[in-house]
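# Secondary and tertiary structure notes
For reference, the chains in residue letters:
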Amino acid sequence: MEKKVLLLLPGVLCCFTFYSCSKNKAPDPAKDGRDVQVETFAAACRCNPADTTYFDPTCLLAPNARLRTLGEGYSFTEGPAVDKRGNIFFTDQPNDKIYKWSVHSGAITTFLTGTGRSNGMAFDRDGNLITCADMHGEIWKIAPNGTHTVLVNNYNGKLLNGPNDVWINPKNGGMYITDPIFPRGYWDEGDPRQQGWPPTHSEQAATGKGGYVYYLAPGSRRLVRVTTEAMGWDADGWPNGVVGTPDGKKLYVNKWAPDINTAGTWVFDIKPNGTLANMRKFADMGGDGMSMDDRGNVYISNAYGVTAFSSRGTRIFNVPTGSGATNNVFGGHDNKTLFITGPVDKFTAIKMNVKGVEKF
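Here's what I pulled together on the structure shown here. Bear in mind the structure is a predicted one, so any value in this text is a computation, not a measurement.

### A closer look at the nonpolar core
- Ranked by internal contacts, the top residues of the largest apolar core, which has 44 residues, are Val 166, Met 175, Tyr 176, Leu 223, Leu 251, Tyr 252 and Val 298.
- Here the element with the most residues in this core is strand 14 (residues 212–216); it accounts for five residues.
- Residues in contact with Leu 223, not counting those within four places in the same chain, are Val 152, Asn 154, Tyr 155, Leu 160, Ile 177, Tyr 214, Tyr 215 and Leu 216.
- Of all hydrophobic cores here, the second largest spans 19 residues; its members include Tyr 54, Leu 60, Ala 65 and Ile 316.

Written out as structure tokens, the structure reads:
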């Protein structure tokens with residue numbers, strides 16, 4: 001989920017018809033006001049965002065919601081995950097730490113130091129924190145007491161690029177893992193993944209970046225590659241954010257690229273055995289970590305802050321952070337707060353009218 005470039009949000013205002021509110025206009029990173037499509041609800045003209053740079057025609061934000069800074073002074077925040085109580089855990093990857101934000105006190109404390117350089121994270125049903133520990137290309141299961149087990153560290157005997165993000169299917173506990181190649185300065189000398197930027201090779205491909213998505217079945221210690229060239233997947237890229245529907249039937253995967261508008265987001269059908277089918281383009285915009293609300297909207301973090309698309313792929317929401325965002329997740333007491341790792345030196349949040357679907 002590392003970004004090499006964070007772009008500034010363009011200052012082009014979009015105007016919308018139907019039920020959009022006059023205050024509810026925002027810069028559109030990809031389109032001008034003549035061709036943007038916006039989904040609307042009858043309540044949209046009652047939207048009253050605290051900041052007119054927020055784009056929210058369908059009233060996803062709570063009344064007078066404003067982006068709040070909960071913590072700052074970090075090096076590169078990432079990987080927010082919500083536990084069953086609504087607490088949020090997030091990483092500071094350069095400093096090899098995982099922090100915990102308390103739903104009861106609002107305090108942020110260090111949960112773990114020495115995390116295998118964990119990046120994306122998610123909680124399983126047993127309260128273990130599953131993390132993408134890319135120091136040695138591993139997936140960790142971290143118990144509540146901070147001890148960890150390495151679940152997997154290779155595919156077919158070859159070192160993974162650097163697991164980046166994980167989504168756990170709430171129906172069966174199966175895990176979907178993205179594995180792009182982002183060379184890290186902290187990798188050991190002699191690590192076969194180590195190279196300059198941009199990367200040109202991978203242990204997972206004869207040529208190119210070898211960027212794939214993998215599935216780890218419940219109880220298994222062996223990864224299954226679920227994106228393939230045969231289905232139309234281009235592995236010479238950076239698969240990054242991943243999220244699925246609460247019924248366990250669809251999976252969304254985006255890609256990072258220096259120009260996120262060319263990276264794209266795809267949606268797949270999840271088959272009973274965990275493999276994927278029916279790959280199709282969901283949105284032209286790509287980016288970083290993702291979450292989902294109970295309306296089925298998909299929230300993508302990238303250089304524009306957090307942008308949401310409806311299940312039909314229509315752009316319906318944007319909250320700029322001023323300096324981009326790496327990831328986001330819903331949590332809190334009522335699961336109606338969107339927590340954002342972004343800007344990268346901060347941990348921020350904004351109140352919503354909708355709930356997340358990843359707390360279980």
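Now that the structure has been shown, we can carry on.
### Some points on unusual backbone geometry
- Trp 197 connects to Pro 198 through a cis peptide bond whose omega is 0°.
- Counting through the fold element by element, Pro 198 comes out in the loop between strand 13 (175–179) and strand 14.
- Cis geometry is adopted by the peptide bond preceding Pro 343, which originates at Gly 342 and carries an omega value of -5°.
- With respect to the element layout, Pro 343 can be found in the loop between strand 25 (337–341) and strand 26 (346–351).
- The phi dihedral of Asn 64 falls on the positive side, at around 60°, and the residue is not glycine.
- Of note in this structure, Asn 278 is not a glycine but carries a positive phi near 55°.
- Along the polypeptide, Asn 278 turns up in strand 19 (residues 276–283).

Calculation criteria
Residues numbered from 1 in each chain as written. Predicted model: local features only at pLDDT ≥ 70, side-chain atom pairs only at ≥ 80, totals over all residues. Heavy atoms only, no water. Core = buried A, V, L, I, M, F, W, Y, C linked by side-chain atoms within 4.5 Å. Buried < 20%, exposed > 50% of the residue type's maximum accessible area, 1.4 Å probe, protein only. Helix = DSSP H or I, 4+ residues; strand = E, 2+ residues; numbered from the N terminus. Contact = heavy atoms within 4.5 Å.

Taken by themselves, the reported measurements are silent on function.
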